[in-house]
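Listed below, chain by chain, are the residues.
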Amino acid sequence: SGGGGGGGGVLARRREGDASAAVPRSESAFASAVYEALLAIALCHNVSPVESVGGGQAASLESCFQGASPDELSLVVFAARCGLVLHERTPTRIVVHEPSGRLRGFELLGEMPFSSELKRMGVLLRDESTGAIQFLAKGAESVMAERVASSDWMEEEVGNLAREGLRTLVVAARDLSEPQLDAFSRAYGAAQLARAGRAEATRAAWEMLQEDMRLLCVTAVEDRLQANVRATLETLRDANVRTWMLTGDKLETAWVIAQNASLVTRRQRMYQVAVRSSGDEKERRREARQALQGYPQGKFN
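In this report, the structure presented in the accompanying data block is examined.

Conventions we followed
- Residues numbered from 1 in each chain as written.
- Predicted model: local features only at pLDDT ≥ 70, side-chain atom pairs only at ≥ 80, totals over all residues.
- Heavy atoms only, no water.
- 1 Å grid on protein atoms, 1.4 Å probe; cavity = no way out; pocket = protein on both sides within 12 Å on 5 of 7 lines; lining within 4 Å.
- Points joined across faces, edges and corners; volume = space filled by probe spheres on them.
- Helix = DSSP H or I, 4+ residues; strand = E, 2+ residues; numbered from the N terminus.
- Nonpolar A, V, L, I, M, F, W, Y, C, P; charged D, E, K, R; others polar.
- Core = buried A, V, L, I, M, F, W, Y, C linked by side-chain atoms within 4.5 Å.
- Buried < 20%, exposed > 50% of the residue type's maximum accessible area, 1.4 Å probe, protein only.
- Contact = heavy atoms within 4.5 Å.
- Pairing = 2+ DSSP bridges.
- Expected span 1.5 Å × (residues − 1).

Attention now goes to the layout of surface pockets. There is about 860 Å³ of room inside the second largest pocket. Of all elements in the fold, only α2 (70–81), β7 (120–127), β8 (133–139), α3 (141–144), β9 (166–176) and β10 (214–222) reach the threshold of two or more residues within the lining of the second largest pocket. Of the residues assigned to the lining of the second largest pocket, the class counts are 7 nonpolar, 10 polar and 9 charged.

Below is the structure:
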């Protein structure tokens, strides 16, 4: 379900013409590309199964997983409905139940946790059956665009989905060799032992894995409104009560959600305030005040 608590839908989209990988020409190659994208969705998250759900019914899947992020829960349920069901997740291992009935295990070598600063998360995995090493990451298009190989459709697709009011994530992968894994392990180990600058050194170690990643897919989650949200906000607006929405979504997504929730009217004018990232805090506040001088709902302090 979506983060709004009223249930939600998920869309994962991959289009031909992706310059970051060989374009699938045959039906089997296309199916393989879709499967790889779904597998990444089923593996790259912080969700845990409440119980073994292999072979479970789709109608009860929502109650079989738990996690802090409703968006991640939606994506894991989506993958499960497509046949890749999260079977087990421990601090060192992830197991998925494949459509064929086989349990496929992955050793969890490391995890890059999500933060508001990074705007992305990732997992470092080793396939127990093949020994292949792979780093999977998903995050906001604004930070993933510079980490994936050139794509001629990602920006357009993310923009289209955002204008529909959907929250988007970009999912990418990078295949690693044993020497590359060893180099990362040394850098990460040294970062953990550092007495000063540990956070910066840890971040630099993870950055080693995020160069020239392969774009796998773009996901989109619909955040449905809770009951009576629209009527409540309309009543507050009619009573001249100001309501502010704080969000990390793309501007297009936030504007559509604000309209759907009746936080603003369909014909209401939108004022966009942009502040330069350079300069000191006092200067940025002065710029923001100047930009809001014409804002119709009162003074900005």
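Right, let's talk about the nonpolar core for a bit. L43, F65, V123, L125, L136 and L216 are the most contacted members of the largest nonpolar core, which has 35 residues in total. Counting residues per element, the ones that place at least two in this core are α1 (27–43), α2, β4 (85–90), β5 (93–97), β6 (103–112), β7, β9 and β10. L136 has contacts with A40, L43, C44, M121, G122, V123, L125, A172, A173 and L216, leaving out every residue within four places of it along the chain. With 26 residues, the next largest nonpolar core counts M112, V148, M154 and A220 among its residues.

The next point concerns the pairing of β8. The two faces of a sheet get side chains in turn, since along a regular strand they alternate between them. The buried count for β8 comes to 6 of 7 residues, which makes it a mostly enclosed element. Note that β7 and β8 share 7 bridges and pair antiparallel. Residue L125 lies in a different strand from β8, and its bridge partner there is Q134. Adjacent in sequence and paired antiparallel, β7 and β8 are bridged by 5 residues, among which G131 carries a positive phi angle near 80 degrees. The pairing of β8 with β9 spans 7 bridges and is classified as antiparallel. When the sheet's bridge partners are listed, L136 is paired in β9 with A173.

A word on helix α8 (residues 251–260). Every buried residue of α8 is listed here: T253, A254, V256, I257, A258 and Q259. Summarising the contacts, the buried residues of α8 are in contact with α4 (154–163) and β9. The first or second residue beyond α8 is S262, which carries a positive phi of 65 degrees.

Further remarks concern the pairing of β10. Counting buried residues along β10, 7 of its 9 residues qualify, which places the element largely inside the surrounding structure. Direction of pairing for β9 relative to β10: antiparallel, over a ladder of 8 bridges. Paired with R167 across the strands is V221, a residue of β10.

Here we take up unusual backbone geometry. Glycine aside, residues mostly have negative phi, and peptide bonds are mostly found in the trans state. With phi around 60 degrees, K119 is a residue other than glycine that occupies positive phi space. Positionally, K119 belongs in the loop between β6 and β7. Residue K119 is classed as partly exposed on the basis of its relative accessible area of 39%. Even without a glycine there, the phi angle at D212 is positive, about 50 degrees. Position of D212 among the secondary structure elements: in the loop between α6 (198–207) and β10.

Our focus in this paragraph is α1. Between its first and last C-alpha atoms α1 spans 24 Å; for 17 residues at 1.5 Å apiece the expected length is 24 Å, and the two agree. Listed in full, the buried residues belonging to α1 are A33, A37, L38, L39, A40, I41, A42 and L43.

Function cannot be read off these values alone, since they describe shape.
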